[in-house]
Protein chains: 2
Amino acid sequence: MIFDVFGTVVNWRDSIIAEVSKSATEHGMPDGDWGRFADEWRAWYGKSTRELSSGDGPWRLVDEIHREKLDVLLEEYGLSEIMNEEAKQHLNRAWHRLDGWPDSPGGLRRLKSKYIIATASNGNLALLVNMAKHADLPWDAVMSPDVYGAYKPSPKVYNNAAKLLGLNTEQVMMVAAHVGDLEAASRQGLATGFVYRPFERGSENPVEMPDTSSFDVSATDFDDMANQLGCA
Amino acid sequence: MIFDVFGTVVNWRDSIIAEVSKSATEHGMPDGDWGRFADEWRAWYGKSTRELSSGDGPWRLVDEIHREKLDVLLEEYGLSEIMNEEAKQHLNRAWHRLDGWPDSPGGLRRLKSKYIIATASNGNLALLVNMAKHADLPWDAVMSPDVYGAYKPSPKVYNNAAKLLGLNTEQVMMVAAHVGDLEAASRQGLATGFVYRPFERGSENPVEMPDTSSFDVSATDFDDMANQLGCA
């Protein structure tokens, strides 16, 4: 089983809001629309990784993509001058310290008892390894664009994941909260597991349940998925 | 901390002898010098990965290198005709099912509580992931030649390991039971941790304790290493 991570396994938005708010407050700026800050930061990641997935532009890791946008946002929100380089680097690595959804550590352990569980994220390897330690995510293997040589939804990611694990694509299930990721995996022959994460965009902005009829499994969280897959 | 695996973390020789003996007995051939079989199989791996580390010959994974030699050995030991393809594939994957040294699972967990622990082995990723599940090795990251793009002792392996983890080489310690591996890592700026595995070549053929004065840490096993590094 290979997993999307941002949104599917970890609650990036609330984690980023908390980190930005903490850092801004420490620098004397307690008030700000940190939800918008988080959303804009995330949107830049989305745009940049989509470009990379189609082979456009120079190769960059997500740590660098995050930093590009962070510098723009800090300027825009009046934080650039009052934060030193060390504080900026620390804040950029907030993406290494995202918290899991409440069911993630336990649910993944149950899935791990029966299956190999690995990442298929667009985050870079260092980010994913540090996040796993922070959020207690018990991956069997951490795989990333710097390992795959490609960004999702490039077909290369899904094919290389199977190849690296010594499996055929039909023996691998892609797990994600995002329909596009699952559809791209399905086109390469992978099985698909949907997990519903209604609050990825904030509790005030719930994501509607999509049509999941074409997916092999559809679950409300990782415990539900473990139950459906017969894990202890 | 990045770790050599064969010999350093797992007891390849006794595991392979047990698997070859079991398979041969099942096929009606209970007697054979399976220690010599294991040593010859391992020697071919050594020769092949040394060639690959210097960039000679076509790129192959260890699973393929093992299979090349297995076919030769089965022929030589009279097993080739009496084993079917499925049995041969199963035996080739004995390298995915090696047992850890007794201190490996517990000692690695203690080291993991304080440090990132990852593999820097010449085994391929699938082999190392399957072995980790079999032998209960709690890696934070599994890295391999199909990730590094090189074989030890190529400098690329040590440098790419640090780069993938987002660290400078001086922030990484190479851990191995083999002096040559540690010396190659040290030349790239890594710290070095020696662990003494006297019985890697069999209990009847103990390895002499080398001069470890140039290494940062020298330990009798992973528990001793965890003690020396102040791990809980």
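Observations regarding the sheet that holds strand 5 (residues 217-219) of chain B
All names here are of chain B. Across the sheet, which stays open at both edges, the five strands sit in the order 2-1-3-4-5 with parallel pairing between neighbours. Among the strands making up the open sheet, the edge pair consists of strand 2 (118-119) and strand 5. Two strands pair when backbone bridges link them, and strand 1 (residues 2-3) and strand 2 are joined in this way by two bridges, in the parallel orientation. Opposite Phe 3, over in strand 2, you have Thr 119 as the bridge partner.

Considerations on the environment of B:Asp31
With respect to the helices and strands, B:Asp31 occurs in the loop between helix 1 (12-26) and helix 2 (34-53). B:Asp31 sits 10 residues away from B:Ser21 along the chain, and the two C-alpha atoms are 7.9 Å apart.

Details of the pairing of strand 3 (residues 173-176) of chain A
Residues and elements named next belong to chain A. Neither face of strand 3 is open: one carries Met 173 and Val 175, the other Met 174 and Ala 176, and all of them are buried. Relative to strand 3, strand 1 (residues 2-3) runs parallel, the two sharing two bridges. Opposite Phe 3, over in strand 3, you have Val 175 as the bridge partner. When strand 3 meets strand 4 (residues 191-195), the two strands line up parallel, connected through four bridges.

Here's the deal with helix 3 (residues 62-76) of chain A
Residue and element names in this part refer to chain A. Under the 1.5 Å per step criterion, the end-to-end length of helix 3 is 21 Å for 15 residues, consistent within 8% with the ideal 21 Å. Among all positions in helix 3, only Val 62, Asp 63, Ile 65, His 66, Arg 67, Lys 69, Leu 70, Leu 73 and Leu 74 are buried. Where helix 3 is buried, its residues meet helix 2 (34-53), helix 4 (85-92) and helix 6 (125-135). In the segment just after helix 3, Gly 78 is the residue with positive phi, at about 75°.

Observations regarding the relation of the copies chain A and chain B
For these two chains of identical sequence, chain A goes onto chain B by a turn of 180° and a shift of 0.0 Å along the axis, with RMSD 0.0 Å. Accordingly, the operation relating the two chain copies is best matched by a two-fold axis. Comparing interface residues between copies, 100% of those in chain A also sit at the interface in chain B, which points to an isologous, same-surface contact.

Regarding the side chain of A:Arg13
All names here are of chain A. Tracing the backbone through its elements, the reader meets Arg 13 in helix 1 (residues 12-26). On the basis of relative accessible area, Arg 13 is assigned to the buried category, the value being 7%. In this structure, Arg 13 is in contact with Gly 35, Ala 38, Asp 39, Glu 200, Arg 201, Gly 202 and Glu 204, ignoring residues within four places of it in sequence.

Observations concerning the packing of helix 1 of chain B against helix 2 of chain B
Between two packed helices, both the angle of their axes relative to each other and the distance between the axes serve to describe the pair. Residues and elements named next belong to chain B. At a closest axis distance of 9 Å, the pairing of helix 1 and helix 2 adopts a crossing angle of 120°. By the angle between their axes, helix 1 is oblique relative to helix 2. Where helix 1 crosses over helix 2, the handedness of that crossing is right-handed. Where helix 1 approaches helix 2, its residues Trp 12, Arg 13, Ile 16, Ile 17, Val 20, Ser 21 and Ala 24 are matched on the opposing element by Trp 34, Gly 35, Phe 37, Ala 38, Asp 39, Trp 41 and Arg 42. Partitioning the contact of helix 1 with helix 2 into residue classes produces nine nonpolar, two polar and three charged.

Considering the layout of surface pockets
Picture a little ball the size of a water molecule; that probe, rolled over the atoms, points out where space is still empty. Estimated volume of the largest pocket: approximately 620 Å³. Residue lining of the largest pocket: 28 residues in total, with A:Arg42, A:Tyr45, A:Arg50, A:His178 and A:Arg201 positioned closest to the centre. At the level of secondary structure, the elements contributing two or more residues to the lining of the largest pocket comprise helix 2 and helix 9 (179-187) of chain A. Examining the composition of the lining of the largest pocket, we find that seven residues originate from one element, helix 2 of chain A, more than from any other. Around the second largest pocket sit 25 residues that line it, and B:Asp4, B:Arg42, B:Tyr45, B:Arg50 and B:His178 are the ones nearest its centre. The set of elements that each furnish at least two residues to the lining of the second largest pocket consists of helix 2 and helix 9 (179-187) of chain B. In terms of residue count, helix 2 of chain B provides more of the lining of the second largest pocket than any other element does, six residues in total. When grouped by side-chain class, the residues that make up the lining of the second largest pocket number 11 nonpolar, five polar and nine charged.

Looking at the interface of chain A and chain B
Each side of the interface is counted separately: chain A has 18 residues, and chain B has 18 residues. For the pair chain A and chain B, the summed buried surface comes to about 1500 Å²; carbon and sulfur atoms form 62% of the total. The interface formed by chain A and chain B holds two salt bridges in total. A:Lys133 is paired through a salt bridge with B:Asp140; the nearest N and O atoms lie 2.6 Å apart. Between chain A and chain B we count eight residue pairs in polar contact (both at pLDDT 80 or more) in total. Those elements that place two or more of their residues in the side of chain A that touches chain B are helix 6 and helix 7 (145-148) of chain A. Element by element, the count of residues in the side of chain A that touches chain B is highest for helix 6 of chain A, at five residues.

Rules and cut-offs
- Residues numbered from 1 in each chain as written.
- Chains lettered and ligands numbered in written order.
- Predicted model: local features only at pLDDT ≥ 70, side-chain atom pairs only at ≥ 80, totals over all residues.
- Heavy atoms only, no water.
- Pairing = 2+ DSSP bridges.
- Helix = DSSP H or I, 4+ residues; strand = E, 2+ residues; numbered from the N terminus.
- Buried < 20%, exposed > 50% of the residue type's maximum accessible area, 1.4 Å probe, protein only.
- Expected span 1.5 Å × (residues − 1).
- Contact = heavy atoms within 4.5 Å.
- Least-squares fit on C-alpha atoms with pLDDT ≥ 70 in both.
- Axes fitted to C-alpha atoms, helices over the stretch in contact; angles between N-to-C directions.
- Parallel < 35°, antiparallel > 145°, perpendicular 65-115°, else oblique.
- Left-handed = near helix turned anticlockwise from the far one by under 90°.
- Nonpolar A, V, L, I, M, F, W, Y, C, P; charged D, E, K, R; others polar.
- 1 Å grid on protein atoms, 1.4 Å probe; cavity = no way out; pocket = protein on both sides within 12 Å on 5 of 7 lines; lining within 4 Å.
- Points joined across faces, edges and corners; volume = space filled by probe spheres on them.
- Buried area = accessible area lost by both parts, 1.4 Å probe.
- Salt bridge = Lys/Arg side-chain N within 4 Å of Asp/Glu carboxyl O.
- Polar contact = N/O pair within 3.5 Å; in protein donor to acceptor, adjacent residues only side chain to side chain.

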